[in-house]
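# Tertiary structure, described
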Amino acid sequence: MTDILLSCEHVCKTYTKETWFSKKEPKTVLTDINFSLKYGRSLGIAGINGAGKSTLSKIILGIEKPSSGSVYFQGINISELRRKRDFRKNMQAVFQNPASALNPRWSALKIVTEPLRNFFSLTEREYAEKAEHLMELAELNPKDLHKNCMQFSGGQQQRLAIARALALSPQLLILDEALSSLDMSTQAKLIELLHHLKDKHSISLLVISHDIRVTFNLCDDIIVLNQGKISDRLHKEQGLPEERSPFLQKLLASAKCV
Ligand SMILES: Nc1ncnc2c1ncn2[C@@H]1O[C@H](COP(=O)(O)OP(=O)(O)OP(=O)(O)O)[C@@H](O)[C@H]1O
Ligand SMILES: [Mg+2]
C-alpha cells in the first residue's frame, strides 16, 4: 500500500464564461500543479490573494473539475468516482468565516452532529454522546452543547466548525484561510489544537493561507502559488531556502519573517 493520501498530477484550470451576448476571454487560474501529501503529514499552500489557492482546494474537494490533470485521493482519481459520498466522509474542509459557515439559529449540538445525521441513524442519546466527544476534541466545553451558535466567540465558532468537520473521522482536513479572521492569540491556540489533531489522531492537514507564517507553523512542506503556478517548494526541516522566488520573498516580507 502506498503512503500517499492525496496527490495532484498536472492539474490545470481555465475558466471560460459565456453569456448570451458575448464569450469572455478564457482565464487560466492554475497551471501544471503537482504535489503529494502523505498520510499523517501536513502540506501548506501559500500565496497572495487571487493566486488560485481556493480554486485548487475546490478541485481537491470535487466542487470544481480540473480542465486537465488529475487528483488522486487514497489512490482513486476523484473525477472518476461515481459515488462521491464515501470520499466526502474522508475529506472535510473548514473555511474562513465561521459565522457564515454555521447556521446562526442552530445549537452546537445540531451543528456538530449534522454530518453524522446525514450518514448514520442513531438515537438522540447516541448523537449527544458523539457530540460531547467532538466538543472535547475541539477543546470546547461539552456543557455548552445546548447553547446557540451565536453565543460562542469567533474562535469558539471556528472550533465548532472544526468539531463538525471531525464528526465523520476524516483522514484529511482542508483548512482554507480557516485562521485568517481570528486574532493572533486565538490563531495560536487553534494552531496548537490542529497540531494535536495531526499528531494524536493522525489527521493529515492541507493548510491554505495567504499568511506564510500560518503554513510554517502547521506544515511539514509548503508550496507557494503565484498566478496559478508553483513558484517555490519548502520543507520545514530544511528551513528557509537560500534561493527564493520574488513571490516567496514578498510573502515572507509581508509576514515579517525576513
Ligand atoms: N468561477 C470563476 N470564474 C472565473 N474566474 C474565477 C472563478 N473563480 C475564481 N476565479 C478567478 O481565479 C483566480 C484565483 O481565485 P482564487 O479564489 O482561487 O484565489 P485565492 O488564492 O484563493 O485568493 P484569496 O487569497 O483572495 O482567497 C482569481 O483571479 C479569480 O478571479
Ligand atoms: Mg481563497
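In this report, the structure presented in the accompanying data block is examined. Everything numeric in this text was worked out from a predicted model, so none of it was measured.

## Overview of the pattern of salt bridges
Within this structure, the stated rule accounts for 12 salt bridges. Across the salt bridge formed by Lys147 and Asp144, the nearest N and O atoms sit 3.8 Å from each other. On the basis of relative accessibility, which here comes to 31%, the residue Lys147 falls in the partly exposed class. Here the salt bridges share partners, and the residues they tie into one network are Arg41, Lys198, Asp199, Asp220 and Asp221.

## Topic: the site of ligand 1
Taken together, the residues surrounding ligand 1 are Tyr15, Lys27, Val29, Ile48, Asn49, Gly50, Ala51, Gly52, Lys53, Ser54, Thr55 and Glu177. Side-chain polar atom of Thr55 to an oxygen atom of ligand 1: 2.6 Å apart, as the coordinates give it. In the complex, 64% of the free accessible area of ligand 1, which totals 640 Å², lies under the protein chains. For the shell around ligand 1, the secondary structure elements donating two or more residues are β2 (27–38) and α1 (53–60). Counting residues per element, the shell around ligand 1 draws most heavily on α1, which supplies three residues. In the shell around ligand 1, the residues fall into four nonpolar, five polar and three charged.

## What about the sheet that holds strand β9 (residues 221–226)?
The strand order across the open sheet formed by six strands is β6-β7-β8-β3-β9-β10, and the pairing between neighbours is mixed. Each edge of the sheet is formed by a strand with only one pairing partner; in this case those strands are β6 (91–94) and β10 (229–235). Each strand axis lies, on average, 15° off the axis of its neighbour in the sheet, ignoring direction. In this structure, β9 lies alongside β10, joined through six bridges in antiparallel fashion. Following the sheet pairing, Val224 is matched in β10 by Asp232. Most of the contacts of helix α6 (residues 154–166) go to β6, to which it runs at about 170°, and overall it touches β6 and β7 (172–176).

Analysis parameters
Residues numbered from 1 in each chain as written. Chains lettered and ligands numbered in written order. Predicted model: local features only at pLDDT ≥ 70, side-chain atom pairs only at ≥ 80, totals over all residues. Heavy atoms only, no water. Salt bridge = Lys/Arg side-chain N within 4 Å of Asp/Glu carboxyl O. Buried < 20%, exposed > 50% of the residue type's maximum accessible area, 1.4 Å probe, protein only. Near = heavy atom within 4 Å. Polar contact = N/O pair within 3.5 Å; in protein donor to acceptor, adjacent residues only side chain to side chain. Areas by Shrake-Rupley, 256 points an atom, 1.4 Å probe, with all protein chains shown as cover. Helix = DSSP H or I, 4+ residues; strand = E, 2+ residues; numbered from the N terminus. Nonpolar A, V, L, I, M, F, W, Y, C, P; charged D, E, K, R; others polar. Pairing = 2+ DSSP bridges. Axes fitted to C-alpha atoms, helices over the stretch in contact; angles between N-to-C directions. Contact = heavy atoms within 4.5 Å.

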